[in-house]
Structure formats: structure tokens, C-alpha cells
Amino acid sequence: YWLAPGVNGATGSVDVAPVYCPRGTNVTITATASNGWHFSSWQGETGGCAVAGNVITAAMTQARSIQASFAINLYDITGTNGPGGIIMPSGTVWVEHGGSTNFAINSNAHYHVTNVVVDAVEQGPTNTYAFANVTNGGHTIIALFGIDRYTLTVSSEHGSPTPSGTTTSDWG
């Protein structure tokens, strides 16, 4: 019988080429995903075959066309913010292998961005951050904000004002 193993798309490979097989033989085929992909299923004439994940043993009781299917890996990035502003998107976003995503950081009125922390590394104050060519998961981005502060310096040529000197106060 004719055995025609293959893959759906250029996202992986199988270790057996199309071949003629004697009736009653068993042929074991292993599917291997390309970088950034993972095995998802076997499709085609798989009835009567033994399947164990990415390995299928085809009982050659008939001609068979069997295809391995793969899915692209997805990786998580979690965005959170402290009080005084917002990060968008917020929560967990999923990015395809090799993909990119952007985050926007906006402060509320009378607040400002004090720091953006990406994977525990301080980036300093910024209003945007891009994750590019994502190839693994578990990333985090945290936006931190501070209330605006104002400094007032009081002096007079006509005596001693109260209070005198420099005073720093939070907004409000």
C-alpha cells in the first residue's frame, strides 16, 4: 500500500518520506515542529493507527495519506500599572512567536510616569514600550506613576515672610 506522510504548511517535518509498504506492516512516523511552532494533530487517513502525541504508527491495511499539523507558539506578556495612570493593553496579552506588541503608558491628570519596569529591569519614565521578536513567554511590564510636585520659593525684600525659604508640595 502507498503511504504518503506529509505536513500542512512549512511549519514542521515528518521523518518518513512517501513509500510503498507491504500489507500488514506498521510504519512509525514522528512529526517535528519547526522553531516557534508545536505539534497539534494528525489528519487524514488515521483510522486504525496508534497515536501518541507527535508519533503515529500506521497499520498498513490500506493506502494512507497522513498529515502532521502544527500551531504557532503563543507567548504571554502581562501589563499592570500602579495608581495614577494606566497601561494599555492591560492584563495578559498573547503574542505569536517572532511577533511584536506595543504598550502605551498614560498618566492621569496631575500625575506623571516615574518608571516602567520590564522583566524586573527599570526602563525609566517613558510613554511607550515595544516588545519585538518575542520568542518566549512570562514577560511583565509595570507602569509606575507619581503625583506632580510643585516647589515654591518665598523671599521678600521687605522683612521675613512666613513661611520663608523653599516649600515642596504634592498637587492638590
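Here is a short report on the structure shown in this document. (Residues numbered from 1 in each chain as written. Predicted model: local features only at pLDDT ≥ 70, side-chain atom pairs only at ≥ 80, totals over all residues. Heavy atoms only, no water.)

1. Details of the pairing of strand β13 (residues 111–118)
Sheet topology note: the β13/strand β16 (residues 139–147) ladder contains seven bridges and is antiparallel. Bridge pairing in β16 places valine 113 opposite phenylalanine 145. With two bridges connecting them, β13 and strand β14 (residues 121–122) associate as antiparallel partners. For valine 117, the partnering residue across the bridge sits in β14 and is glutamate 122. Hairpin remark: β13 followed by β14, antiparallel, with two residues in the connecting loop; positive phi at aspartate 119, about 50°. (Pairing = 2+ DSSP bridges. Helix = DSSP H or I, 4+ residues; strand = E, 2+ residues; numbered from the N terminus.)

2. Observations concerning the sheet that holds strand β10 (residues 85–88)
Strand order in the open sheet formed by three strands is β10-β12-β15, and the pairing between neighbours is antiparallel. If you trace the sheet from one side to the other, it starts and ends with β10 and β15 (128–131), each paired once. The average angle at which neighbouring strand axes cross in this sheet is 15°, direction not considered. (Axes fitted to C-alpha atoms, helices over the stretch in contact; angles between N-to-C directions.)

3. Focus: the packing of aromatic side chains
Applying the stated criterion to the full structure yields five aromatic pairs. Judged by centre distance (5.4 Å) and plane angle (55°), the rings of phenylalanine 39 and tryptophan 42 are tilted. Residue tryptophan 42 is classed as buried on the basis of its relative accessible area, which comes to 11%. Put simply, the rings of Phe39, Trp42 and Phe70 pair up and form one aromatic cluster. (Phe/Tyr/Trp six-rings, centres within 6.5 Å; stacked < 30°, edge-to-face > 60°. Buried < 20%, exposed > 50% of the residue type's maximum accessible area, 1.4 Å probe, protein only.)

4. Topic: the nonpolar core
With 15 residues, the main nonpolar core has Ile77, Phe103, Ile105, Phe131 and Ile141 as its most contacted residues. What isoleucine 105 contacts, discounting residues up to four positions off in sequence, is Ile86, Ile87, Val113, Val116, Thr126, Asn127, Thr128, Tyr129, Ala143 and Phe145. Cys21, Ala31, Met60 and Ile66 belong to the second largest nonpolar core, which has 14 residues in total. (Core = buried A, V, L, I, M, F, W, Y, C linked by side-chain atoms within 4.5 Å. Contact = heavy atoms within 4.5 Å.)

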